[in-house]
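The lines below spell out each chain.
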Amino acid sequence: MIKLVLTGLWVCAVTLASVYFSVQTATAPAISPDDAKKAQQELVKGESINVPVIANGQVTGYFLTRISFMMEKGKASALQIPLPELTTDELFSLLVGNKTIDIGHAQNFDVAAFRSDLKKRMNERLGGNYVAEVLVEQLDYLSKEETHGGESIGKRTVKPVKIVQDAAKSKVPAE
């Protein structure tokens with residue numbers, strides 16, 4: 001009789017444990033496809049790049065930029081072309097060659113279009129889908145007069161025109 005009672009308690013304990021673990025597994029939060037995709041990406045920090053603005057055969061100012069990229073893990077190290085040099089070349093083409101930014105109307109600058117255009121051009125140059133997202137950390141403009149102000153340059157504080165402010169901080173995923 002004691003064996004029958006112990007066997008019944010053992011069956012009850014096993015049943016309760018299996019129900020508990022099946023409910024825990026069924027109610028576990030599902031990982032969204034976006035989160036799974038972001039987990040497979042890494043942040044590739046960009047370098048500060050100065051791009052001169054040339055008009056009428058003279059330098060009229062400088063763009064101060066820092067662009068970072070979200071790429072699939074391991075793809076950045078597998079690149080044959082160094083990423084900073086390629087980024088510099090593409091920024092020269094976009095900012096100087098295409099005149100993407102009108103300095104007189106910097107508030108009308110479309111950051112999303114700039115990001116998508118840079119992403120498209122970088123992926124075309126790299127020959128694949130390497131860049132998942134472009135993060136604009138800094139994009140400022142300094143005129144030539146502000147940088148070469150004459151004898152009082154040591155006393156004057158240079159204030160660049162902020163074209164993009166804190167755009168990357170809101171886009172970088174929390175780790």
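Residues numbered from 1 in each chain as written. Predicted model: local features only at pLDDT ≥ 70, side-chain atom pairs only at ≥ 80, totals over all residues. Heavy atoms only, no water.

Looking at the overall build of the protein chain
Thought 1: Regarding its fold elements, the protein chain presents 5 helices and 5 strands.
Thought 2: Order of helices (α) and strands (β) in the protein chain, N terminus to C terminus: α-α-β-β-β-α-α-β-α-β.
Thought 3: Sorting the 175 residues of the protein chain into buried and exposed places 27% on the buried side.
Thought 4: For the protein chain, the exposed area adds up to about 11700 Å²; of that, 56% sits on carbon and sulfur atoms. (Helix = DSSP H or I, 4+ residues; strand = E, 2+ residues; numbered from the N terminus. Buried < 20%, exposed > 50% of the residue type's maximum accessible area, 1.4 Å probe, protein only. Areas by Shrake-Rupley, 256 points an atom, 1.4 Å probe, with all protein chains shown as cover.)

Here's the deal with the pattern of salt bridges
Thought 1: For the coordinates displayed, the defined rule picks out 5 salt bridges.
Thought 2: One salt bridge in this structure joins arginine 125 and aspartate 89, with 2.5 Å as the shortest N-O distance. Here the residue arginine 125 occupies a position in helix α4 (residues 111-126), and aspartate 89 occupies one in helix α3 (residues 83-97), the gap between them amounting to 36 residues.
Thought 3: In this structure arginine 125 comes out as partly exposed when scored by relative accessible area, which is 40%. (Salt bridge = Lys/Arg side-chain N within 4 Å of Asp/Glu carboxyl O.)

Structural notes on the UniProt feature "signal peptide" (unreviewed entry) in the protein chain
Thought 1: When the UniProt feature table is mapped onto this chain numbering, "signal peptide" (unreviewed entry) sits at residues 1-17.
Thought 2: With 94% helix and 0% strand, the stretch residues 1-17 has end C-alpha atoms that lie 25 Å from each other. (UniProt positions renumbered as here; feature names shortened; annotations may be inferred.)

Focus on the side chain of glutamine 138
Thought 1: Along the polypeptide, glutamine 138 turns up in strand β4 (residues 131-143).
Thought 2: Reaching out from glutamine 138, the side chain makes a polar contact with the side chain of aspartate 140 at a distance of 3.1 Å.
Thought 3: Not counting residues within four places of it along the chain, the set of residues in contact with glutamine 138 comprises Leu64, Thr65 and Arg66. (Polar contact = N/O pair within 3.5 Å; in protein donor to acceptor, adjacent residues only side chain to side chain. Contact = heavy atoms within 4.5 Å.)

Some words on the side chain of arginine 115
Thought 1: Mapped onto the elements, arginine 115 comes out in helix α4.
Thought 2: Despite its burial, arginine 115 remains without a salt bridge, the nearest opposite charge being carried by glutamate 133 at 6.2 Å.
Thought 3: Reaching out from arginine 115, the side chain makes a polar contact with the backbone oxygen of valine 134 at a distance of 3.2 Å. (Lys, Arg positive; Asp, Glu negative; His and termini not counted.)

As for a nonpolar patch on the surface
Thought 1: The grouping of Met1, Ile2, Val5, Leu6 and Leu9 at the surface amounts to a nonpolar patch, some 610 Å² of accessible area in total.
Thought 2: Looking at the secondary structure, you find leucine 9 in helix α1 (residues 2-26). (Patch = residues over 30% accessible without salt bridge, like charges linked within 9 Å, V, L, I, M, F, W, Y side chains within 5 Å.)

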